[in-house]
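# Structural overview for review
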Amino acid sequence: MQIDKLRGKELDQLFKSILSLKDVEECYTFFDDLCTMNEIQSLAQRLEVARMLMDGDTYQRIEKDTGASTATISRVKRCINYGNDGYQFALARVAKDSKE
């Protein structure tokens with residue numbers, strides 16, 4: 001697992017801080033302080049690319065709808081195919097929560 005190389009006190013603190021947030025508004029506040037607007041938009045874009053790939057959309061459609069480069073789309077696809085299933089379980093939970 002690639003993330004094992006990053007494990008440590010600082011990353012644990014970051015993840016625990018994110019998990020402590022209670023709602024979307026707290027996330028907006030925290031991430032506005034933590035990241036630049038471009039960093040936040042890049043993270044959101046990657047998640048949308050993953051959702052679209054898992055829905056079967058083409059690279060051309062994803063590029064047109066999200067503005068993501070083919071390199072970004074390829075990287076996300078590689079994570080979906082060979083990664084740790086992070087996109088899959090996060091997006092499945094969001095979809096489930098939106099149906100409830």
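Before reading further, recall that the structure is shown in the block above.
Residues numbered from 1 in each chain as written. Predicted model: local features only at pLDDT ≥ 70, side-chain atom pairs only at ≥ 80, totals over all residues. Heavy atoms only, no water.

### Regarding the overall build of the protein chain
Note the threshold: For the purposes of this entry, the term helix denotes a DSSP run of H or I that reaches at least four residues, the term strand denotes a run of E that reaches at least two, and both are numbered from the N terminus. Only protein chains enter the calculation, and the probe is 1.4 Å; a residue is then buried if its accessible area is under 20% of its type maximum, exposed if over 50%, and partly exposed in between. The contact rule is simple, with two residues in contact once any of their heavy atoms fall within 4.5 Å. Every accessible area reported is derived by Shrake-Rupley at a probe size of 1.4 Å, with residue values counting cover from the shown protein chains alone. Neither His nor the chain ends contribute to the count of charged residues, in which Lys and Arg are positive and Asp and Glu negative. The atoms used to mark charge sites are NZ of Lys, CZ of Arg, CG of Asp and CD of Glu.
In terms of regular secondary structure, the protein chain is built from six helices and zero strands. Counting helices and strands in the order they occur from the N terminus, the protein chain gives α-α-α-α-α-α. Counting only C-alpha atoms, the protein chain reaches 40 × 30 × 30 Å along its principal axes. Here the protein chain, with 100 residues, has 14% of them falling under the buried criterion. A sequence separation of at least 24 residues applies to 34% of the contacts in the protein chain between residues at least 6 apart. When the accessible surface of the protein chain is split by element, carbon and sulfur atoms take 53% of a total near 8,000 Å². Counting 15 positive and 17 negative side-chain charges, the protein chain places the centres of these two groups 7 Å from one another.

### Here we look at the state of the cysteines
Here is the rule we go by: Working definition: a disulfide is two cysteine sulfur atoms within 2.5 Å of each other.
Summed over the entire model, instances satisfying the criterion amount to zero disulfides. The thiol sulfur of C27 is not disulfide-bonded, and the nearest other cysteine sulfur, from C35, lies at 11 Å. Residue classification places C27 among the partly exposed residues on the basis of a relative accessible area of 27%. Here C79 is not cross-linked by a disulfide; its sulfur's nearest cysteine counterpart is in C35, at 18 Å.

### Description of the nonpolar core
Definition in use: We call a set of buried residues a nonpolar core when its members are Ala, Val, Leu, Ile, Met, Phe, Trp, Tyr or Cys and they connect through side-chain atoms within 4.5 Å of each other.
V49, A50, M52, L53, I62, A68, I73, V76, I80, Y87 and L91 form the largest nonpolar core, which has 11 residues in total. In terms of residue count, the dominant contributor to this core is helix α3 (residues 37–54) (four residues). In contact with L91, not counting residues within four places along its chain, are L47, A50, R51 and M54.

### Here's the deal with the pattern of salt bridges
What counts here: A side-chain nitrogen of Lys or Arg and a carboxyl oxygen of Asp or Glu constitute a salt bridge if their distance falls within 4 Å.
Considering all chains together, one arrives at four salt bridges under this definition. Linking R51 and E48 is a salt bridge whose minimum nitrogen-to-oxygen distance equals 2.6 Å. Placement of the pair is R51 and E48 together in helix α3, with a separation of three residues, close to one helical turn. On the basis of relative accessibility, which here comes to 32%, the residue R51 falls in the partly exposed class.

Nothing here speaks to function; it is all geometry.
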